[in-house]
Amino acid sequence: MRGVASNETDFLPPDVAFRVGGTIVGNTVEVRWVIADGYYLYRQKIEVTAESPDLIVAAAQLPAGVIKTDPYLGTQEIYTQQVEAVVPFTRFDAGAHPIQIKVTYQGCAEAGLCYPPITKVIFPGAGAAAAAQAAPSVPHPWEGIAILGGGLAFLLSGLVLRKGRKLDSPAA
Amino acid sequence: MNSPGLRFVGAALIMLLGIWAGSRLYWVRNAQYHRGVPVPAGQASVPDPRDASPDAPGSAVPHAVVPDLLPAFALSDLSGKPTSVSTWNGKSLVINFWATWCAPCRREMPLLETLASEWADRGIVVVGVAVDYPDKVKEFAGRFNIDYPLLVGEQDALDVAAKLGMNSPAFPFTVFADRSGEIVALFVGELHRPQADLILSVVQNLNQNRIQLPEAKQTIARGLAKLAEQASG
């Protein structure tokens, strides 16, 4: 056995008890926590803020939680299993920076263990529907390079055609 | 290149190459803006390694590496006076780490009060270590009339927790040491009467030389596992 008698493996590490991820859907980020059985998150302790320099986020919209009454902490709203925060955002640099969101949350195990507040920066991925809609509507700086490449190719091809015509003319 | 047909094909190829190069640049560059894993609604994305803290576990749960002996440390008491753990040399210690925001920590305090008074004449001392702001702890201790000694600290208390093997601590957790400073048990989570009685009776046997340390640890480990089994069954 290990050096000291312990029950520590009765509990999950915080990143296993509370898994967080995000998805971009249109102009919102959906931040989702999957909560292990027997664990819960406090609604009041969830915070979502912008991490990217070009991003402004509105207050997170959270669903109603389950009321938990604790003789010492009073009435608290908690989430079990899963919770999703909808966070509207605005960007003002046409997408020059990846979207980064800072999330803070705090929770406990029903069996009697509480984790200190956890803060993470997440990189939300584009949702399938959102990617299909958002990609054409957002002008991207590299679109200019694509157009420039096409234009340059058009000019070069014109030159080739013109050069051929000059060479042809004496023989005409 | 004298044939008009060949010239036309050459021009068309250059044009296509230019368009391909431009669009390739666009898509390669743009791919960086879609990092992360797209997931359908109603599911969480798989954990991204960039989202994880450095000590985030993968498949294995990291274990606390608890030292054999209580480390030397000093923290402030509620009046701000530095207090060394050596103050209780020769006593068995129940060192309970807690925080004011932690509901299970508050729930177990009446039990700790009871244990402190029940075991005082048998050389066992309960010491609370609050990892919190001193003002909050002082207010809390006054409101709930906590009689056993309390130490308080922020980063310095976290450093003590780390010395005890709890690098990213969750609360409460309690360390039990015998009178010679040997750490016998680490109990993570809210302490209940059966677990406390089990551990303290073994510590008492150890102090009275009725059993040796390895046997004491094994007895506690087996007892805790049995109690956990009963609780889940």
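On a predicted model such as this, the values are computed, not experimentally measured, just so you know.

S.K.: Could you give me a rundown of the confidence of the model for chain A, with the residues and numbers involved?
M.R.: Residues and elements named next belong to chain A. For chain A, the mean per-residue pLDDT works out to 80, and 72% of the residues sit at or above 70. At the level of individual helices and strands, chain A shows its lowest average pLDDT in helix H2 (residues 128-137), which scores 42, and its highest in strand E4 (residues 39-42), which scores 98. pLDDT under 50 marks residues 129-144. Its contacts with residues more than four places away, or in other chains, come to 17 contacts.

S.K.: I'd like a description of the state of the cysteines, backed by residues and values.
M.R.: All names here are of chain A. For the structure shown, the criterion picks out two disulfides over all chains. Across a sulfur-sulfur distance of 2.1 Å, Cys-108 and Cys-114 are joined as a disulfide pair. Linking Cys-108 and Cys-114, the disulfide has an S-S dihedral of approximately 100 degrees and is accordingly described as right-handed. On the basis of relative accessibility, which here comes to 0%, the residue Cys-108 falls in the buried class.

S.K.: Please set out the confidence of the model for chain B residue by residue, giving values where relevant.
M.R.: Residues and elements named next belong to chain B. Confidence in the prediction for chain B averages 81 pLDDT; 73% of positions are at 70 or higher. Throughout residues 22-61 the model reports pLDDT below 50, and contacts reaching past four residues in sequence, or to other chains, amount to 64 contacts. Per the prediction output, this complex has pTM 0.72; the corresponding ipTM is 0.72.

S.K.: So what's going on with the side chain of Gln195(B)? Residues and values would help.
M.R.: All names here are of chain B. Tracing the chain through its elements places Gln-195 in helix H5 (residues 193-207). Judged by its relative accessible area of 13%, Gln-195 is buried. Each residue touching Gln-195, except ones within four places of it in the same chain, is listed here: Phe-187, Leu-224 and Leu-227.

S.K.: Report on helix H6 (residues 213-232) of chain B, specifying residues and quantitative values.
M.R.: With 20 residues, H6(B) should reach 28 Å at 1.5 Å per residue; the first-to-last C-alpha distance of 29 Å fits that figure. Within the span of H6(B), buried status applies to Leu213(B), Ala216(B), Lys217(B), Ile220(B), Gly223(B), Leu224(B) and Leu227(B). An end-on view of H6(B) places all buried positions within 135 degrees of arc, on one side of the element. Looking at H6(B), the residues exposed on the side facing more than 90 degrees away from the buried face are Pro214(B), Arg222(B), Lys226(B), Glu229(B), Gln230(B) and Ser232(B). Where H6(B) is buried, its residues contact strand E1 (5-6) of chain A together with strand E7 (183-188) and H5 of chain B.

The rules behind the values
Residues numbered from 1 in each chain as written. Chains lettered and ligands numbered in written order. Predicted model: local features only at pLDDT ≥ 70, side-chain atom pairs only at ≥ 80, totals over all residues. Heavy atoms only, no water. pLDDT = per-residue confidence, 0-100. Helix = DSSP H or I, 4+ residues; strand = E, 2+ residues; numbered from the N terminus. Contact = heavy atoms within 4.5 Å. Disulfide = S-S within 2.5 Å. Buried < 20%, exposed > 50% of the residue type's maximum accessible area, 1.4 Å probe, protein only. Expected span 1.5 Å × (residues − 1). Arc of directions from axis to C-beta.

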